Each structure stands twice: as C-alpha cells, then as structure tokens.
Amino acid sequence: MHDFVVKEIRNIYSSYDGWKITSHSLENGYDTLVSMERRMGGHRESVKVLVTLSKSIPSPLPEELTRADRAADGTVTRHDYAVMVPANADVSAVPAGVRIYTMKSFAFEGKELVWVKKPVQKSKSEPTKLPA
C-alpha cells in the first residue's frame with residue numbers, strides 16, 4: 001500500500017525538482033508522516049504530508065506535522081504542510097489553509113477502503129494484420 005502512496009507523493013514533489021523524501025510511521029496504525037526537503041534559491045524548503053488511510057482526518061492534526069524543524073546550518077526554512085487522504089474521505093476536520101491531496105490509488109466506497117485500479121482498455125476491433 002505504501003508504495004502506491006509514495007508514488008503519488010513523488011508525482012507532486014518530484015526528485016527531479018530537488019525534493020528529498022523521507023517517511024516514518026506514526027503510532028496509530030497506517031498513518032505516515034512524509035517529509036520532503038530541498039534547497040531553492042538560497043532557502044531551504046520543507047514540506048510535511050500526513051498520509052492517512054482512515055475515513056476521517058484525526059483532529060487535531062499531529063504536532064509533528066505542524067511543527068517547523070530548525071535547520072542545523074542556520075539557513076532560513078520555508079515550512080509548509082498538507083494532508084493526503086483517499087478519495088471520498090471526510091475532510092471537514094481539516095483546518096482552513098491546509099492543503100489536501102486526494103489519492104488516486106485508494107478510495108472509499110461507502111465505509112470500505114478499496115484499491116482503485118487503472119481501467120483496462122478493451123477494444124472490439126480486429127487485431128492489426130502485418131503485411132506479408
């Protein structure tokens with residue numbers, strides 16, 4: 001499950017753009033805190049994303065997510081944080097101003113968490129024949 005989530009985060013925060021990604025699990029099951037960091041224009045940018053597979057967001061948000069880390073070398077750090085949830089999750093408890101990313105790999109159908117697969121392209125046309 002976490003491989004799909006990391007892939008979705010890498011689509012948003014690409015290593016091509018200089019983002020270095022680290023993650024660690026929180027105490028409450030499948031919730032994970034993913035930290036991204038890069039240096040851009042003389043500044044250090046830091047983004048933390050709380051990834052949860054629950055139907056509703058924990059309220060209040062964990063302190064680890066909202067706490068800004070200090071840089072050891074004294075550079076100015078720009079800190080941001082966000083939440084990543086499955087599609088159709090209840091995000092009403094998320095405070096205003098917090099970015100919300102919706103997973104494309106997982107969604108809730110009723111109360112069940114389901115894995116959303118890519119649709120298979122089906123064609124009723126005849127196969128292409130190679131010239132003799």
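Above this text you will find the structure in question.
Please read these numbers as outputs of a predicted model, since none were measured by experiment.

S.K.: Is there a simple way to think about the pairing of strand 1 (residues 20-25) in this case?
M.R.: On a regular strand, one side chain projects to one face of the sheet and the next to the other, so that they alternate. Of all 6 residues making up strand 1, only 0 are buried, and the element is barely covered by its neighbours. Bridge analysis of strand 1 against strand 2 (residues 32-40) gives 6 bridges, and the strand direction is antiparallel. Note on strand 2: the bridge partner recorded for His-24 is Leu-33.

S.K.: Whenever I open this one, the packing of aromatic side chains confuses me. Can you help?
M.R.: Between two aromatic rings, the relevant description is the distance of the centres plus the angle of the planes. Summed over all chains, the structure comprises 4 aromatic pairs. On the basis of an interplanar angle of 80° and a centroid distance of 6.3 Å, the ring pair of Phe-4 and Phe-106 is categorised as edge-to-face. One end of the pair, Phe-4, is in helix 1 (residues 2-12); the other, Phe-106, is in strand 5 (residues 99-109), and 102 residues separate them in sequence. Judged by its relative accessible area of 6%, Phe-106 falls in the buried class. Seen in terms of ring centroids, Phe-4 and Trp-115 are 5.3 Å apart; in terms of plane orientation they differ by 45°. Their pairing is tilted. With Phe-4 in helix 1 and Trp-115 in strand 6 (residues 112-115), this pair connects stretches of sequence that are 111 residues apart. Since its relative accessible area comes to 46%, Trp-115 is described here as partly exposed. By the ring-pair criterion, three or more aromatic residues cluster together here, those being Phe-4, Phe-106 and Trp-115.

S.K.: Help me understand the nonpolar core in this model?
M.R.: In summary, soluble globular proteins display a tendency toward joint burial of nonpolar side chains. Ranked by size, the top nonpolar core spans 15 residues in total, and within it Ile-9, Tyr-13, Met-36, Val-49, Val-51 and Met-84 carry the most contacts. Secondary-structure elements contributing two or more residues to this core are helix 1, strand 2, strand 3 (43-51), strand 4 (77-87) and strand 5. Sequence-distant contacts of Tyr-13, defined by excluding residues within four places in its chain, comprise Trp-19, Ile-21, Met-36, Val-47, Val-49, Arg-99 and Tyr-101.

S.K.: Looking at this model, I keep getting lost on the environment of Arg-67. Mind explaining?
M.R.: The residue Arg-67 is located in the loop between helix 2 (63-66) and strand 4 in this model. Those residues in contact with Arg-67 that lie beyond four places of it in its chain are Lys-48 and His-79.

S.K.: I would appreciate a short explanation of the environment of Leu-113 in the present structure.
M.R.: Mapped onto the secondary structure, Leu-113 falls in strand 6. C-alpha separation for the pair Leu-113 and Ala-89, spaced 24 residues apart in sequence, amounts to 9.5 Å. In this structure Leu-113 touches Leu-53, Pro-86, Phe-106, Ala-107 and Phe-108, once residues within four positions along its chain are discounted.

S.K.: Help me out: how do you make sense of the pairing of strand 2 in this one?
M.R.: With 9 bridges connecting them, strand 2 and strand 3 associate as antiparallel partners. Paired with Met-36 across the two strands is Val-47, which belongs to strand 3. Between strand 2 and the antiparallel strand that follows it, strand 3, lie 2 residues; Gly-41 among them carries a positive phi value of about 60°.

S.K.: I'm lost on the sheet that holds strand 4 in this one. Help?
M.R.: Hydrogen bonds between backbone groups are what pair the strands of a sheet, and the pairing can be parallel or antiparallel. A sheet is described by the order of its strands in space; here 6 strands give the open sequence 1-2-3-4-5-6, paired in mixed fashion. Both outer strands of the open sheet, strand 1 and strand 6, are each paired with one neighbouring strand and no more. Neighbouring strand axes in the sheet, compared pairwise and without regard to direction, differ in orientation by 35° on average.

Scoring rules and cut-offs
- Residues numbered from 1 in each chain as written.
- Predicted model: local features only at pLDDT ≥ 70, side-chain atom pairs only at ≥ 80, totals over all residues.
- Heavy atoms only, no water.
- Buried < 20%, exposed > 50% of the residue type's maximum accessible area, 1.4 Å probe, protein only.
- Helix = DSSP H or I, 4+ residues; strand = E, 2+ residues; numbered from the N terminus.
- Pairing = 2+ DSSP bridges.
- Phe/Tyr/Trp six-rings, centres within 6.5 Å; stacked < 30°, edge-to-face > 60°.
- Core = buried A, V, L, I, M, F, W, Y, C linked by side-chain atoms within 4.5 Å.
- Contact = heavy atoms within 4.5 Å.
- Axes fitted to C-alpha atoms, helices over the stretch in contact; angles between N-to-C directions.

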